[in-house]
Amino acid sequence: MRSVSISARTPDIRAVRDDWRRIERENRRAALDATAEASKKAQRNIQAKMRSVGLGRLANAVGQTSARQKRQTSPDRDPYGVIYARGGDESRAGGALLAYSEGATIRPRRSEWLAVPTDAAPRLVTVGGKRRRLTPAMWESAGLNQRIGKLIFKRIRQNLAILVVRKVSLSPKTGRAKALGASGRTRTRIPKNEVVVFVLIRQTRRAKRFDKDQIVEFYANRLPDYLRRILAGYNRGAR
């Protein structure tokens, strides 16, 4: 009986290993690019929708970022894209975005009334060295008792009241109120009656004006298409 010898050699898999690593790198790069693209398109679509329903200024509060933009590209980090409210969800803009995208009843947090300023009141004031949006609570600390006058509360009905000032002049251009000088002479308009600087209400309803979740879902569902297109571009470039 003849003897039979069998031998084997370990195959050289370095090329296969290199290809696998290249594919992993390209897949990760494509995921970073795709999530950045999808979230940017979703942000722009949300902003366009908000402008179309009359929320143009608020649209600027919609921010966007991604792992690629933040250079978080290491293998231990998942690719992502984020759409967020500039200033945070607890900011005024964040609350407005939530209200108009979901609908909400807005009530005061720390007082009995919600205050809506009229043109007679300054929009921004300096309190504690910071520029802030004016509220009745800031009126005296912002020095407006002297510059305009003391606020006077008047109830109109159970769910409506006003804060007024007396003996003021009004700018013909802006409608802004200003205390009369000692002589009472001024080139601006002097109203005969009291001037309303805040309208006070118990609550207000914000109807849903746009659907952010629907827009985000649309672009999230398109991620596979973005990945295929981006990877195809890599393959064309490698030829």
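Scroll up to find the structure.
Below, the structure is looked at part by part. These figures come from a predicted structure and were not determined experimentally.

1. So, the sheet that holds strand β8 (residues 160-165)
Consideration 1: Reading across the sheet, the four strands line up as β4-β11-β8-β7 and stay open at both edges, with antiparallel pairing between neighbours. Unpaired on one side and paired on the other, β4 (114-117) and β7 (152-157) mark the two borders of the sheet. Taken pair by pair, the neighbouring strands of this sheet meet at an average axis angle of 30 degrees, ignoring direction.
Consideration 2: Alignment of β8 against strand β11 (residues 195-201), held across six bridges, turns out to be antiparallel. Directly across from Val165, in β11, lies its bridge partner Val195.

2. Here we look at the pairing of strand β6 (residues 130-133)
Consideration 1: With four bridges connecting them, strand β5 (residues 124-127) and β6 associate as antiparallel partners. Within β6, the residue paired with Thr126 across the bridge is Arg131.
Consideration 2: Between β5 and β6, which pair antiparallel in sequence order, lie two residues; one of them, Gly128, sits at a positive phi of approximately 65 degrees.

3. Comments concerning the packing of helix α1 (residues 14-52) against helix α5 (residues 212-221)
For any two helices packed against each other, the geometry is given by the interaxial angle and the distance between the axes.
Consideration 1: Put simply, α1 and α5 touch, their axes get as near as 9 Å, and they point 150 degrees apart. Here α5 runs roughly antiparallel to α1, going by the angle between their axes. For the pair α1 and α5, the crossing hand works out as right-handed. Across the interface between the two elements, Ala38, Lys41, Ala42, Asn45, Ile46 and Lys49 from α1 touch Lys212, Ile215, Val216 and Tyr219 from α5.

4. Let's talk about the environment of Arg147
Consideration 1: Among the secondary structure elements, Arg147 is positioned in helix α4 (residues 144-147).
Consideration 2: If we ignore the near neighbours within four places in the chain, the residues touching Arg147 are Ala142, Lys178 and Ala179.
Consideration 3: A polar contact is formed between the side chain of Arg147 and the backbone oxygen of Ala142, at a distance of 3.2 Å.

5. Observations regarding the packing of aromatic side chains
By convention here, two paired aromatic rings are described through the distance between centres and the angle between planes.
Consideration 1: All chains considered together, the criterion is met by three aromatic pairs.
Consideration 2: Measuring from ring centre to ring centre gives 6.2 Å for Trp113 and Phe153, while their planes differ by 55 degrees; the resulting arrangement is tilted. With a gap of 40 residues between them, Trp113 in the loop between β3 (104-106) and β4 and Phe153 in strand β7 connect regions that are remote in the sequence.
Consideration 3: Residue classification places Trp113 among the buried residues on the basis of a relative accessible area of 11%.
Consideration 4: For Phe153, a relative accessible area of 42% corresponds to the partly exposed category.
Consideration 5: Summarising the aromatic geometry, the rings of Trp139 and Phe198 are spaced 6.0 Å apart at their centres and angled 70 degrees between planes, so their arrangement reads as edge-to-face. Of this pair, Trp139 sits in the loop between β6 and α4 while Phe198 sits in strand β11; the two residues are 59 residues apart in sequence, bridging distant segments of the chain.

Cut-offs applied
The residue count restarts for each chain, going from 1 along the sequence in the order it is written. At least 70 in pLDDT is required for a residue's local features to be given in this predicted model, at least 80 for side-chain atom pairs to be given and counted, and no such filter applies to totals for whole chains, interfaces and linings, which use all residues. With hydrogens and water set aside, each side-chain value is computed from the structure's full complement of heavy atoms. A pair of strands is treated as paired once DSSP finds two or more bridges between them. Secondary structure elements follow DSSP: runs of H or I of four or more residues count as helices, runs of E of two or more count as strands, with numbering from the N terminus. Every angle, taken between N-to-C directions, lies between 0 and 180 degrees, and every axis is a line fitted to C-alpha atoms, over only the stretch in contact when it is a helix. If an angle is under 35 degrees, it is roughly parallel; if it is over 145, roughly antiparallel; if it lies from 65 to 115, roughly perpendicular; otherwise it is oblique. In a left-handed crossing the near helix is turned counterclockwise from the far helix by less than a right angle, and in a right-handed crossing that turn is clockwise. In this description, contact between two residues means that some pair of their heavy atoms is separated by no more than 4.5 Å. Think of a polar contact as two N or O atoms within 3.5 Å of one another; within protein, one of them needs to be a possible hydrogen donor and the other a possible acceptor, and neighboring residues in sequence only count if both atoms come from side chains. Planes of paired rings set the category: under 30 degrees apart is stacked, over 60 is edge-to-face and the rest tilted, where pairs are Phe, Tyr or Trp rings (Trp by its six-membered ring) whose centres lie within 6.5 Å. Here's how the labels work: a residue is buried when its accessible area is under 20% of the maximum for its type, exposed when over 50%, partly exposed in between, all with a 1.4 Å probe on protein chains only.

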